[in-house]
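Read off the chains here:
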Amino acid sequence: MNQEKYFFCYSTNLFEFIRYEKGIKFICTAFHDKTMSRFWLFERTEELNNALLEYTERGKELGLTE
């Protein structure tokens, strides 16, 4: 699998932002075979990249990330 073509989202908060605020659909959801952490798989598109940048910027504005 080409890792650069896909984005594995392990954060519920990020997933909800991408899915419900930005309306981007995911390919599938599954559980990591070793950690059993749930993730959502998205195709990496320009729209998704822009949403990820916006999410990061919002976090910085709120003091949640550096």
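For the structure itself, look to the data block above.
Residues numbered from 1 in each chain as written. Predicted model: local features only at pLDDT ≥ 70, side-chain atom pairs only at ≥ 80, totals over all residues. Heavy atoms only, no water.

## Some remarks on the overall build of the protein chain
Across its full length, the protein chain carries two helices and three strands. What you see in the protein chain, going N to C, is helices and strands ordered as β-α-β-β-α. Overall, the protein chain is about 35 × 25 × 20 Å in size when its C-alpha atoms are taken along their principal axes. In the protein chain, which comprises 66 residues, the share counted as buried stands at 23%. Within the protein chain, contacts between residues separated by at least 24 positions form 55% of all contacts whose residues are at least 6 apart in sequence. Carbon and sulfur atoms make up 50% of the accessible area of the protein chain, which amounts to about 5,000 Å² in all. For the protein chain, the distance from the average site of its 9 positive side-chain charges to the average site of its 11 negative ones is 6 Å. (Helix = DSSP H or I, 4+ residues; strand = E, 2+ residues; numbered from the N terminus. Buried < 20%, exposed > 50% of the residue type's maximum accessible area, 1.4 Å probe, protein only. Contact = heavy atoms within 4.5 Å. Areas by Shrake-Rupley, 256 points an atom, 1.4 Å probe, with all protein chains shown as cover. Lys, Arg positive; Asp, Glu negative; His and termini not counted. Charge placed at Lys NZ, Arg CZ, Asp CG, Glu CD.)

## What about helix α2 (residues 46-61)?
Under the 1.5 Å per step criterion, the end-to-end length of α2 is 23 Å for 16 residues, consistent within 8% with the ideal 22 Å. Tucked inside the fold, the buried residues of α2 contact β1 (6-9), α1 (12-21) and β3 (38-43). Within two residues after α2, Gly63 carries a phi angle of roughly 80°, on the positive side. (Expected span 1.5 Å × (residues − 1).)

## Side note on the nonpolar core
Membership of the largest hydrophobic core is limited to 12 residues, which are Phe7, Cys9, Leu14, Phe15, Phe17, Ile18, Ile24, Trp40, Phe42, Leu48, Ala51 and Leu52. For this core, the element with the highest residue contribution is α1, accounting for four residues. Not counting residues within four places of it along the chain, the set of residues in contact with Phe7 comprises Leu14, Ile18, Trp40, Leu41, Phe42, Arg44, Leu48 and Leu52. (Core = buried A, V, L, I, M, F, W, Y, C linked by side-chain atoms within 4.5 Å.)

## Points about the pairing of strand β2 (residues 28-31)
As judged from the four bridges shared by β2 and β3, these two strands associate in the antiparallel manner. Looking at β3, one finds that Thr29 is bridged to Trp40. The loop that links β2 with its antiparallel partner β3 comprises six residues; one of these, Met36, has a positive phi angle of about 60°. (Pairing = 2+ DSSP bridges.)

Limitation: the analysis is restricted to geometry and does not speak to function.
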